[in-house]
Amino acid sequence: MKRKGSAVWNGSLKEGKGTVSLESGVLKDAQYSFKTRFENGKGTNPEELVSAAHAGCFSMQLSAFLTEDGFEPTSLETTSEITFEDGEITKSHLILNADVPGIDKDKFDKIANKAKENCPLSKLLNAEITLEYDLK
């Protein structure tokens, strides 16, 4: 399986601008620039996209591991907070709200941390990955 994303950049770093798109078409020509990356301007940025991808990847991996152990999650809501400093992503902090009927906290903790370590994007990132969660 291969997936594609693309980017077009025009101009210098600070004055230039670009667009990013996904092969699926879900994201097409989304604007990004120096301001969206470093000054909270309107548009997206690479770190925001990585953050969403990591949250989605972790949630799916957690669901798979829970199902393998006989638990069916009702809801897994994950946010990833990416820390970008000195030109690199140094941390992804996963914040999870989970509703998993019938599981105890110790079992959930073991499975959630296994998912944190084993989702493909966690393996890809050369960064500290932390997890906090609220289990219903």
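On a predicted model such as this, the values are computed, not experimentally measured, just so you know.

Summing up its helical and strand segments, the chain has four helices and six strands in all. Ordered by position from the N terminus, the helices and strands of the chain form the series β-β-β-α-α-β-β-α-α-β. Dimensions of the chain, computed from C-alpha atoms along their principal axes, come out at roughly 55 × 30 × 25 Å. Counting across all 136 residues of the chain, residues that qualify as buried make up 35%. Within the chain, contacts between residues separated by at least 24 positions form 50% of all contacts whose residues are at least 6 apart in sequence. Total accessible area computed for the chain in this model is approximately 8800 Å², and 49% of it derives from carbon and sulfur atoms.

Here we take up the domain arrangement of the chain. The domain architecture assigned to the chain consists of domain 1 (5-38) and domain 2 (46-135). A straight line from the C-alpha centre of domain 1 to that of domain 2 covers 27 Å. Across the boundary between the two partners, domain 1 contributes five residues, which contact four residues of domain 2. Overall, the association of domain 1 and domain 2 removes approximately 340 Å² of surface from exposure, summing both partners, and the carbon and sulfur fraction of that is 75%. Applying the counting criterion to the domain 1 and domain 2 interface returns one salt bridge. The residue Arg 37 makes a salt bridge to Glu 47 at a minimum N-O spacing of 2.6 Å.

Relative to strand E5 (residues 88-99), strand E4 (residues 75-85) runs antiparallel, the two sharing eleven bridges. The partner of Thr 78 across the bridge, within E5, is Leu 96. The loop that links E4 with its antiparallel partner E5 comprises two residues; one of these, Asp 86, has a positive phi angle of about 50°. Here E5 pairs with strand E6 (residues 128-135) via eight bridges, running parallel. Looking across to E6, one finds that Leu 94 is bridged to Leu 131.

What counts and what doesn't
Residues numbered from 1 in each chain as written. Predicted model: local features only at pLDDT ≥ 70, side-chain atom pairs only at ≥ 80, totals over all residues. Heavy atoms only, no water. Helix = DSSP H or I, 4+ residues; strand = E, 2+ residues; numbered from the N terminus. Buried < 20%, exposed > 50% of the residue type's maximum accessible area, 1.4 Å probe, protein only. Contact = heavy atoms within 4.5 Å. Areas by Shrake-Rupley, 256 points an atom, 1.4 Å probe, with all protein chains shown as cover. Domains from an automatic or database assignment. Buried area = accessible area lost by both parts, 1.4 Å probe. Salt bridge = Lys/Arg side-chain N within 4 Å of Asp/Glu carboxyl O. Pairing = 2+ DSSP bridges.

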